[in-house]
Amino acid sequence: MAGMDETEDRAQPSFNNGLVRRAISFALVAAVGFAAGLAVEAKGTTGSYDALPFLGSGLSAQPDSSANMADFWEVWNALDSQYVVTHPSSTMPTTQDKIWGAIEGLTASYGDPYTVFFPPEDAKVFQEDIAGNFSGVGMEMGVDKDGILTVIAPIKGTPAEKAGLTPGDEILSIDGKTTDGMSTDEAVKLIRGPKGTTVTLVIYRKGTTLTVPVVRDTIDVPTIDYKLDPSTGVYTIALYTFTENSAELFDTAFADFKKSGSDKLVIDLRGNPGGYLDAAVDIASHFLPKGETIVTEDYEGKQQNDVNRSNGSDDVPAGTKVVVLIDGGSASASEILSGALQDDGAATLIGSQSFGKGSVQQLLNVDGGALKVTVARWLTPAGHSIMGNGITPDVKVDRTQQDVAAGKDPQMTRAVQFLTTGK
């Protein structure tokens, strides 16, 4: 959400990449997968695996008569009658193991990194991810449009951030295992691990290959910061993820903004990998009239589209100028919020292109296993598809690693300039 949108270690049910809606949207891993779990973008879920809305009733289990399964059964029988265990890592699978393997292969044939089958043991790990019962390094990952496993954003104050990982880093290997063709869910399983242990990542960043050891820890995901800068009169609300209570926390910050008397607001969504869809809708509702479209779930004719609309708070003080900051680490629910405000003209977007996590996943219970299947894509109010495209800022400003190292923030500087001068 999305993946679920996921925080690697303190996965908040939500997944931009990710949204677990009465379907489950993963926001990486999102989706989008957090380096030790998932931060699910959720809509109306308690966060309990057992309580997640599974599909199942009414789905057909009848064979497809048009599918010629002769080759499949020839291979099954050949393996069954001729295979001999010779390699230390080899096993003699049970009939059920072979069925799970066949389903995993079928699912992988769709080539969608967010459509994944979990056999029962992996489904249990998925449950732990949602509950947040694990340690990791504190980043969200996704598979970019070129199929490369990529860091969407390290979470503030986590081992991933402290190790110097940045949005856009391409992960080439995890503890020596290549990530070529690897899904976010597979990567999550490799990166998670006991607190205090080290996982070694090889990354590619702007022409340079780097080896980055990261010590795992329990992740405490920050949610929000807000403050007024008396020297400029600019009020900033920085939102780091979309958790179950993010909308309530934003309400508190927004009330403080109005009390401050400022008419210049920055909403900082940089490095925010997403989370609860409901939180994004509630926050957007402060800026949009009742009934205005915030995001559409497009099912491409396979079922009726679901349009998420403003609940009509629309309580921004007259004359307020709003800037939303985004970057390559802004994904899923962050893209939903920024896209809605941009399309409605309620805010000016400044920064760099967002990640592009815009698909919706649902869960199907399969005899103790779980199928996470992409069923829709997110569209902004103007019909812009977020998936693979991201959100383009109105004013493009990059922030380099050199800027970060020097303590410079040209994106925030440009936002303040825009709000104070109108240019």
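Just above, that's the structure.
Position labels on residues start from 1 in each chain and follow its written sequence. The model is predicted, so local features are restricted to residues of pLDDT at least 70 and side-chain atom pairs to those at 80 or more, both for listing and for counting; the totals for chains, interfaces and linings are taken over all residues. Hydrogens and waters are ignored; side-chain quantities use all the structure's heavy atoms.

Caption draft 1: Geometry of the overall build of the protein. To qualify as a helix, a DSSP run of H or I must reach at least 4 residues; to qualify as a strand, a run of E must reach at least 2; elements of each kind are numbered from the N terminus. In terms of helices and strands, the protein carries 10 helices and 19 strands. Burial here depends on accessible area, computed with a 1.4 Å probe over protein chains only, as a share of the maximum for the residue type. Under 20% is buried, over 50% is exposed, and the range in between is partly exposed. Looking at the protein as a whole, 51% of its 423 residues qualify as buried. Accessible surface is estimated by sampling points in the Shrake-Rupley manner with a 1.4 Å probe; for residues, cover comes only from the protein chains shown. In the structure as shown, the protein presents an accessible area of about 18300 Å², 50% of it carried by carbon and sulfur atoms.

Caption draft 2: View of a negative patch on the surface. A cluster of like negative charges, contributed by E248, D251, D278 and D282, occupies part of the molecular surface. At the level of secondary structure, the elements contributing two or more residues to the negative patch comprise α6 (246–260) and α7 (277–284). With respect to the helices and strands, D251 occurs in helix α6. Taking relative accessible area as the criterion, D251 reaches 38% and is therefore assigned partly exposed. Each patch is assembled from residues with relative accessible area greater than 30% and no salt bridge, linking like charges that lie within 9 Å and nonpolar side chains (Val, Leu, Ile, Met, Phe, Trp, Tyr) that lie within 5 Å. Salt bridges are counted wherever a side-chain nitrogen of Lys or Arg sits within 4 Å of a carboxyl oxygen of Asp or Glu. None of His or the chain ends enter the tally, which takes Lys and Arg as positive and Asp and Glu as negative. Taken as the charge location is NZ of Lys, CZ of Arg, CG of Asp or CD of Glu.

Caption draft 3: Just a nonpolar patch on the surface, in detail. Residues V75, L79, Y83, V85 and M92 make up a contiguous nonpolar surface patch of roughly 450 Å² in combined accessible area. Residue placement: M92 occurs in the loop between α1 (70–82) and α2 (95–108). What makes M92 exposed here is its relative accessible area of 53%.

Caption draft 4: Region of interest: the sheet that holds strand β15 (residues 321–326). In this scheme, strands are said to pair when DSSP sees at least two bridges between them. If you trace the 6 strands from one edge of the open sheet to the other, you get β10-β11-β12-β15-β16-β19, paired in mixed fashion. Two strands in the sheet have a free side with no partner beyond their single neighbour: β10 (224–229) and β19 (395–396). Of the strand pairs in this sheet, strand β12 (residues 264–268) and β15 are connected by 5 bridges, and their pairing is parallel. Residue pairing in the sheet places I267 in a bridge with V324 of β15.

Caption draft 5: Just the side chain of H286, in detail. Among the secondary structure elements, H286 is positioned in the loop between α7 and β13 (293–298). At 2.8 Å, the side chain of H286 and the side chain of D315 are in polar contact. Pairs of residues are marked as contacts when any of their non-hydrogen atoms sit within 4.5 Å. Excluding residues within four positions of it along the chain, H286 makes contact with F250, D251, F254, S313, D314, D315 and V316. Here a polar contact means two N or O atoms within 3.5 Å. Within protein one must be a hydrogen donor candidate and the other an acceptor candidate, and residues neighboring in sequence count only if both atoms are side-chain atoms.

Caption draft 6: Structural detail: the packing of α1 against α2. An axis is simply a line fitted to the C-alpha atoms; with a helix, the fit covers only the stretch in contact. Between two such axes, the angle follows the N-to-C directions and lies from 0 to 180 degrees. Two elements in contact, α1 and α2, have axes separated by 13 Å at closest approach and are oriented at 140°. Taken as axis vectors, α1 and α2 run oblique relative to one another. As α1 runs across α2, the sense of the crossing is right-handed. In this structure, α1 uses F72, W76 and D80 to contact α2, whose residues at the interface are T95, K98, I99 and A102. Here the contact of α1 with α2 is composed, by residue class, of 4 nonpolar, 1 polar and 2 charged. An angle below 35 degrees is read as roughly parallel, one above 145 as roughly antiparallel, one from 65 to 115 as roughly perpendicular, and any other as oblique. Here is the rule for handedness: rotate from the far helix to the near one, and if that takes an anticlockwise turn smaller than a right angle the crossing is left-handed, while a clockwise turn gives right-handed. Just so you know the grouping, Ala, Val, Leu, Ile, Met, Phe, Trp, Tyr, Cys and Pro go in nonpolar, Asp, Glu, Lys and Arg go in charged, and all remaining residues, Gly too, go in polar.

Caption draft 7: Representation of unusual backbone geometry in the model. In this structure, D314 takes a positive phi of about 40° despite not being glycine. Relative to the assigned elements, D314 resides in the loop between β14 (306–309) and β15. Look at D314 and you get partly exposed, because its relative accessible area is 39%. Its identity as a non-glycine residue notwithstanding, D367 has a phi of 50°, on the positive side.

Caption draft 8: Main features of the pairing of strand β16 (residues 348–351). What you see with β16 is no split at all: T348 and I350 on one side and L349 and G351 on the other are buried throughout. Pairing of β15 with β16, which is carried by 4 bridges, proceeds in the parallel orientation. From the neighbouring strand, V324 faces β16, where its bridge partner is L349. With strands facing away from the observer, any crossover in which the path from the first strand over the helix to the second runs clockwise is taken as right-handed. For the crossover from β15 across helix α8 (residues 333–344) to β16, the handedness is right-handed. Both β16 and β19 contribute to a ladder of 2 bridges, which runs parallel. Looking across to β19, one finds that I350 is bridged to V395.

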